[in-house]
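Architecture and fold: a report
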Amino acid sequence: MPHITYIDAAGHSATHNLPEGWNLMLGAINNGVDGIVGECGGSCTCATCHCYVDEARLSDLPPVGEAEASMLEFVAAERRPNSRLACQIKATAALEGLVLHLPDTQE
Ligand code: FES
């Protein structure tokens, strides 16, 4: 059950303990975190779960898959080297303490 910290564009921070196997979009939605929409429910077809992963932890994440890479072309906010789609990252023990920064817009 890793602790994941979400920090919105205004700097508000919230840390939640996510069940393993949940994706990080679901972890935000189910805990009332603003700044992630998750319009498609996690099927990697909306890009409204865009987040910026703490750069020091990028290597702890699974690599960007083909579908995620395609959808990252459509994020509403600036795309950065550490941009990921939260629905494509599953909570695992390896992600304990991970920090996600949320963009100022998802749509
Ligand atoms: S929730 Fe739609 S792409 Fe992640």
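Refer to the preceding data block for the structure.
Residues numbered from 1 in each chain as written. Predicted model: local features only at pLDDT ≥ 70, side-chain atom pairs only at ≥ 80, totals over all residues. Heavy atoms only, no water.

**Describing the pattern of salt bridges**
- Applying the stated criterion across every chain yields a total of 4 salt bridges.
- Between Arg84 and Glu68 there is a salt bridge whose closest N-O contact spans 2.8 Å. Here Glu68 lies in helix 2 (residues 66-71) and Arg84 lies in strand 4 (residues 83-85), a separation of 16 residues in the sequence.
- Note that Arg79 and Glu73 form a salt bridge whose closest N and O atoms lie 3.2 Å from each other.
- On the basis of relative accessible area, Glu73 is assigned to the exposed category, the value being 56%. (Salt bridge = Lys/Arg side-chain N within 4 Å of Asp/Glu carboxyl O. Helix = DSSP H or I, 4+ residues; strand = E, 2+ residues; numbered from the N terminus. Buried < 20%, exposed > 50% of the residue type's maximum accessible area, 1.4 Å probe, protein only.)

**Focus: unusual backbone geometry**
- Non-glycine residue Cys44 carries a positive phi angle of around 65°.
- With respect to the helices and strands, the residue Cys44 is situated in the loop between helix 1 (24-30) and strand 3 (50-53).
- One non-glycine residue with positive phi stands out, namely Ala47, at about 65°.
- Looking at Ala47, the relative accessible area reads 2%, which means it is buried.

**So, the environment of Gln106**
- Of note, Gln106 is situated in the segment after strand 5 (98-101).
- Contacts of Gln106, omitting those with residues within four sequence positions, involve Gly35, Ile36, Val37, Ala47, Thr48, Cys49, His50 and Ala76.
- In this structure the side chain of Gln106 is engaged in a polar contact, spanning 2.8 Å, whose partner is the backbone oxygen of Gly35.
- Within polar-contact distance, the side chain of Gln106 engages the backbone oxygen of His50 at 2.9 Å. (Contact = heavy atoms within 4.5 Å. Polar contact = N/O pair within 3.5 Å; in protein donor to acceptor, adjacent residues only side chain to side chain.)

**Quick notes on the sheet that holds strand 4**
- The sheet built from 5 strands is open, its strands ordered 2-1-5-3-4 with mixed pairing. Bordering the open sheet on either side are strand 2 (13-17) and strand 4, each of which pairs with just one other strand. Here the strands of the sheet are splayed against their neighbours by 35° on average, with no regard to which way each runs.
- Of the pairings in the sheet, the one linking strand 3 to strand 5 comprises 2 bridges and is antiparallel in character. (Pairing = 2+ DSSP bridges. Axes fitted to C-alpha atoms, helices over the stretch in contact; angles between N-to-C directions.)

**As for the side chain of Ser83**
- Structurally, the position occupied by Ser83 is in strand 4.
- Classification of Ser83 by relative accessible area gives buried; the value is 4%.
- Here His50 takes part through its side chain, which lies 2.8 Å from a polar atom of the side chain of Ser83.
- At 2.8 Å, the side chain of Ser83 and the backbone nitrogen of Arg80 are in polar contact.
- Setting aside chain neighbours within four positions, we find Ser83 in contact with His50, Cys51, Tyr52, Leu72 and Glu78.

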